[in-house]
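Close look at the chain arrangement
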Amino acid sequence: MDNQSTRGLQHFRNYVGIKFQLYNSLFTSLPFHRIEKTGILLSLFVNICEEGYKKKLSPAKIIEDFFKKHTSLTSEEDQTDVLFRFIQFVERQVVLFDALEDAAFVHVNDVGGAGTLKQLELEVIQNNKVDALAKKLEDFSIELVLTAHPTQFYPGSVLGIINDLSKSLTQNNTAQINMYLQQLGKTPFFKKEKPTPYDEALSLIWYLENVFFAAAGRIRTFLKNQFLHAIHENNPVIKMGFWPGGDRDGNPFVNTEITLKVADALRGAIIKSYYLEIRKLKRRLTFKGVDTLLSDLEKKLYNNIFIPGNKTHLTTKEILDVLNNIREILIYQHNGLFLHLVDNLINKIHVFGLHFASIDIRQDSSIHKKVFEALAAAGDILPDDYLQLSDDKKIEFLTTNNKILSSIDFKDPIINDTFESIKAIKLIQEYNGEPGCNRYIISHSSSALHVLEVYGLFILCGWKKAEMHVDIVPLIETVEDLQNAASTVKILYENKEYRKHLQRRNNTQTIMLGFSDGTKDGGYLMGNWSIYKTKEELTAVSKQYDIDVIFFDGRGGPPARGGGKTHKFYASMGKNIANKEIQLTIQGQTVSSNFGTIDAAQFNMEQLIHAGIWNDLLSNKHITLEKDEEALLQEMADESYDAYIKLKNHPDFMDYLIHISPLKFYSETNIGSRPAKRGASKLTLDNLRAIPFVGAWSQLKQNVTGYYGVGTALQKMEHEGKLHQLKTLYQHSLFFKTLIDNCEMAMKKCFFPLTEYLAKDEKYGEIWNMIYKEYTVTEKYLFQLTGKNELMADYPVEQQSIAMREKIVLPLVTIQQFAIENIREMEKEMVNNKLKDTYEKLAMRCSFGIINAGRNSA
């Protein structure tokens, strides 16, 4: 363990471990009904769970023994009442732990060390790369796209408490901490109603206002101060994207009215943020010649947000002109006094403009197919035989058509909304600027026609080709579509009309790659390797046509969905993968766990910026994979894919997931507006979304999507005498090491004793043993590969954090499995009574604490 890891671990123990024990004891002294008894019983219950699993007892048996031996409660109603109180108590323990980790962030992490901008400054100067950095920063940026995917279980009120509690913990203000813990005890965690897409947008706008606004400003100001001529005015370096209100894919509650409302809220929020900054500046810049300029700007901003009907076509340029004028006056008349405050605001404006974050419009390709079927049925718009035409002939019509669609009510609200949303983009650009909404993403995009259908829809909606300031982005998700992506893109590049469109978009094509569905479709290794290979192939074909390709990664929180050590993946891409920009989704929990405070957000954004720059400028070792290394990984990916598909094709696979995991209760948690599956049909593996799929395995403590097939692949490599080659690759390839590191993280969060009672089950025993065997084989070979004898040995702080979090939620996973087991038995016997409803509520309520404690579980 290096010195930084040792220091970090010691700080973690002091600032998180010890303080958790200390403040956790405060819970039992809160002046609430029966809370002291609950706390004492819960401590006992944790010990009973630990001992029970060592004896291979089932969750049901553990709970039965607990009530029999340690309480006098005999009625099921009284016993379930205690279990609900345990859940509420543990939920608040998780909040306390989250707040402690947030408060300890700057102590536990080396905020001036590896991967930070301070480190970048040293590396650039030492390697004489200042000019190269300036060249790189002409167009390099990172874009974080906030999504409303339902993995965030904390309601806004609780997020606010975590924020305030973290500040009090940082200051060691015991009186305030006690007060916030009392508030926590009285604040409900369960949402009685699903949030609307607008509610989701407001929740994420809170992070934009309170976290990203400050963090992004700090970063751009640091870069501007340290590398004055490297930062260009037309490159913000950091960009924010936004999906709530724009992402329609599978969410019937998102419509054009919501989209426009969210765009307006984003514009209002950023103008309000500027207004508050101007108010602060007025307290310092009280000098002649400056005060009146500030007052006029303050009034203009105020009128735009607070006076109804006074929304004007305010521009970013107007605000910057005033501030640059003030800047000149400060330099030449007032000795540059408080110049840094003005510069900091100018940097924020370069990042956020009047849009705050860019709304992406997303819809599934199957909906566009329905739209064209409706257009064909309407007549006069498409050729009579359009639906019978070949893809090539359809593309020819779509790219040469000049007809504009008149107002038609297609009766189907989704079809109407498709047209309205395309028209709404123009309105958003008018008020929020072009960055306000300039991207249309097509889910399940598996052909050039899917892209050009959207191009054709823009023309039909009245967009002039020369004024189409919109990127059309295919989202490629399945293993098969990833393998065909290069040939699909080649067709696009060779289409004359689409090529003209790309020229108007600076010869740039953005392509989104879905890690979540790729892993769900092909397993952990194949999903990640397919995306790596696809990026190489798309980079090569784009270079061939002089197109700059930008990869937009659809990443979730856990390794199974492209999360984990994300910045290390970007640092490991090598020279064969385009690195003009780093774009990725920040989903659900990951927003609060990695970007929940200004310090954490700044640190994690710096890691991404450093990764992208280091990859091009500073990598002094060979990180691009050689052909023989790629062949090795391809062989592993193929073998792991076969193992994963065998599991997925097991006749009881979906049955196991539905009846052993809490999957069927997922939509009842009211954490997101979007349904857990696409369409209204019966739940199947095909229509099940990747988030609940991965989240269900996570709560089951089996994390299949994070390692399954890896052990089988490594075992085959050993049998072929290639394990020594893989050990060498592990030592020298950052990509392969990061892949393995993330696999270890997924495995570290597994706990098979929880479900070991299924090992001899008549129906589910076979599939449980398949999963457990793969886990043990993977663990065995990972230890051989890494030379370690424990998972995540290179990350002692995270290892300790996971261990503590898993212990906190041990009662929850036990109660959840107990409830699910009882529900299963009742369904078998066709029992449907009040007690079954209670067990279903127990199973569902446990999800909150389990997912939140995982930080990146879904």
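Here's what I pulled together on the structure shown here. (Residues numbered from 1 in each chain as written. Predicted model: local features only at pLDDT ≥ 70, side-chain atom pairs only at ≥ 80, totals over all residues. Heavy atoms only, no water.)

Here we come to the overall build of the chain. Along the chain, the regular secondary structure elements total 35 helices and eight strands. Computed over its C-alpha atoms, the radius of gyration of the chain comes to 28 Å, within 12% of the 29 Å expected for a compact globule of 858 residues. Referenced to the eigenvectors of the C-alpha coordinate spread, the extents of the chain come out at roughly 75 × 70 × 60 Å. Burial analysis of the chain (858 residues in total) assigns 61% to the buried set. When the accessible surface of the chain is summed, it comes to about 34,300 Å², and 50% of that surface belongs to carbon and sulfur atoms. Charge centroids of the chain, computed over 101 positive and 105 negative side chains, lie 4 Å from each other. (Helix = DSSP H or I, 4+ residues; strand = E, 2+ residues; numbered from the N terminus. Rg over C-alpha atoms; globule rule 2.2 N^0.38 Å. Buried < 20%, exposed > 50% of the residue type's maximum accessible area, 1.4 Å probe, protein only. Areas by Shrake-Rupley, 256 points an atom, 1.4 Å probe, with all protein chains shown as cover. Lys, Arg positive; Asp, Glu negative; His and termini not counted. Charge placed at Lys NZ, Arg CZ, Asp CG, Glu CD.)

Before going further, it helps to spend a moment on the pattern of salt bridges. Pairs can form between side chains of opposite charge whenever their charged atoms are close. Following the criterion strictly, the structure yields 54 salt bridges and no others. Salt-bridge contacts for Arg555 lead to Asp553; the nearest nitrogen and oxygen are separated by 3.4 Å. A relative accessible area of 0% places Asp553 in the buried class. (Salt bridge = Lys/Arg side-chain N within 4 Å of Asp/Glu carboxyl O.)

Let us now look at the packing of helix α26 (residues 627–648) against helix α30 (residues 723–732). Close contact between α26 and α30 brings their axes to 11 Å; oriented N to C, the two are set at 110°. Taken together, the axes of α26 and α30 lie roughly perpendicular to each other. The chirality of how α26 crosses α30 is left-handed. In this structure, α26 contributes Glu629, Leu632, Leu633 and Met636 to the contact, and α30 contributes Gln725, Leu726 and Leu729. Counted by class, the contact of α26 with α30 contains five nonpolar, one polar and one charged residues. (Axes fitted to C-alpha atoms, helices over the stretch in contact; angles between N-to-C directions. Parallel < 35°, antiparallel > 145°, perpendicular 65-115°, else oblique. Left-handed = near helix turned anticlockwise from the far one by under 90°. Contact = heavy atoms within 4.5 Å. Nonpolar A, V, L, I, M, F, W, Y, C, P; charged D, E, K, R; others polar.)

Glancing now at the sheet that holds strand β5 (residues 471–476). Within the closed barrel, the eight strands sit side by side as β1-β2-β3-β4-β5-β6-β7-β8. Their pairing is parallel. Averaged over neighbouring strand pairs, the angle between their axes works out to 25° when direction is ignored. Here two bridges tie strand β7 (residues 548–554) to strand β8 (residues 581–587), and the two strands are oriented parallel to one another. Along β8, the bridge assignment pairs Phe552 with Gln583. Those strands touched by helix α22 (residues 524–544) are β6 (508–514) and β7, and its axis lies near 160° from that of β7. (Pairing = 2+ DSSP bridges.)

Most of β5 is tucked away: six of the six residues are buried. Each parallel crossover has a hand, and for strand β4 (residues 439–443) linked through helix α18 (residues 448–460) to β5 it is right-handed. With two bridges connecting them, β5 and β6 associate as parallel partners. Each bridged residue has a counterpart across the sheet, and for Leu475 the counterpart in β6 is Met512. (Right-handed = clockwise from strand over helix to strand, strands pointing away.)

Turning our attention to helix α13 (residues 316–333). Here α13 is 18 residues long and its end C-alpha atoms lie 26 Å apart, about the 26 Å a rise of 1.5 Å per residue gives. For α13, the secondary structure elements touched by its buried residues are α11 (256–284), α12 (291–306) and α14 (339–352). Downstream of α13 by one or two residues, Asn335 has phi in the positive range, about 55°. (Expected span 1.5 Å × (residues − 1).)

A few words on the packing of helix α15 (residues 365–378) against α18. Two elements in contact, α15 and α18, have axes whose closest approach is 10 Å; the angle formed by their N-to-C orientations is 50°. Taken together, the axes of α15 and α18 lie oblique to each other. The chirality of how α15 crosses α18 is left-handed. Between α15, through Ser365, His368, Val371, Phe372 and Leu375, and α18, the contact on the second element is made entirely by His450, Glu453, Val454, Leu457 and Leu460.

What follows is about the environment of Tyr275. As for its position among the elements, Tyr275 is in helix α11. You can call Tyr275 buried: its relative accessible area is 10%. For the pair Tyr275 and Phe693, spaced 418 residues apart in sequence, the C-alpha separation works out to 44 Å. Here Tyr275 is in contact with Glu298, Leu301, Tyr302, Ile305 and Phe306, once residues within four sequence places are set aside.

Helix length check: α14 (14 residues) gives 20 Å between terminal C-alpha atoms against 20 Å at 1.5 Å per residue, within 8%. For α14, a buried count of 11 out of 14 residues is recorded, marking the element as mostly surrounded by other parts of the structure. Regarding α14, the residues found buried are Leu339, Val342, Asp343, Leu345, Ile346, Asn347, Lys348, Ile349, His350, Val351 and Phe352. In this structure, the buried side of α14 is in contact with α10 (197–226), β2 (238–242), α11 and α13. Gly353 sits one or two residues past α14 and shows a positive phi near 50°.

Before going further, it helps to spend a moment on the side chain of Asp652. Position of Asp652 among the secondary structure elements: in the loop between α26 and α27 (653–660). For Asp652, the residues in contact, after removing those within four places along its chain, are Lys763 and Ile767.

What follows concerns the pairing of β4. Taken across its five residues, β4 has five buried, putting it largely inside the fold. Of the two faces of β4, the one holding Arg439, Ile441 and Ser443 and the one holding Tyr440 and Ile442 are both buried throughout. Sheet topology places strand β3 (residues 358–364) next to β4; five bridges connect them, and they run parallel. Along β4, the bridge assignment pairs Asp364 with Ser443.

All chains considered together, the criterion is met by 41 aromatic pairs. Plain terms: the ring middles of Trp206 and Tyr207 are 5.2 Å apart, the flat faces sit at 85° to each other, and that makes the pair edge-to-face. Overall, Trp206 belongs to the partly exposed group, its relative accessible area being 28%. Classification of Tyr207 by relative accessible area gives buried; the value is 5%. Following the ring pairs from residue to residue traces out a cluster consisting of Phe653, Tyr656, Phe693, Trp697 and Tyr764. (Phe/Tyr/Trp six-rings, centres within 6.5 Å; stacked < 30°, edge-to-face > 60°.)

This part covers unusual backbone geometry. At Asn335, a residue that is not glycine, the phi angle is positive and equals roughly 55°. Its location among the elements puts Asn335 in the loop between α13 and α14. Residue class for Asn335 comes out exposed when judged on its relative accessible area of 79%. Positive phi, close to 55°, is recorded for Asp546, a residue that is not glycine. Here Asp546 lies in the loop between α22 and β7.

Another point: the environment of Leu810. Its place among the elements puts Leu810 in helix α34 (residues 810–828). Overall, Leu810 belongs to the buried group, its relative accessible area being 8%. Put simply, Leu810 and Leu754 are 56 residues apart on the chain and 9.1 Å apart in space, counted from C-alpha to C-alpha. Excluding residues that lie within four positions of it along the chain, Leu810 makes contacts with Val46, Cys49, Glu50, Tyr53 and Phe751.

So, on to the environment of Glu138. You can see Glu138 is positioned in the loop between α7 (130–136) and β1 (141–147). Sequence-wise, Glu138 and Val777 are 639 residues apart; in three dimensions their C-alpha atoms are separated by 48 Å. Once residues lying within four places of it in the same chain are set aside, the contact partners of Glu138 are His232 and Asn235.

This next bit is on the side chain of Thr116. Position of Thr116 among the secondary structure elements: in the loop between α5 (105–108) and α6 (117–126). Judged by relative accessible area, which is 0%, Thr116 ranks as buried. Only 2.6 Å separates the side chain of Thr116 from the backbone oxygen of Gly113, close enough to count as a polar contact. Residues within four places of Thr116 in sequence aside, it is in contact with Asp110, Val111, Phe603, Glu606, Gln607 and His610. (Polar contact = N/O pair within 3.5 Å; in protein donor to acceptor, adjacent residues only side chain to side chain.)

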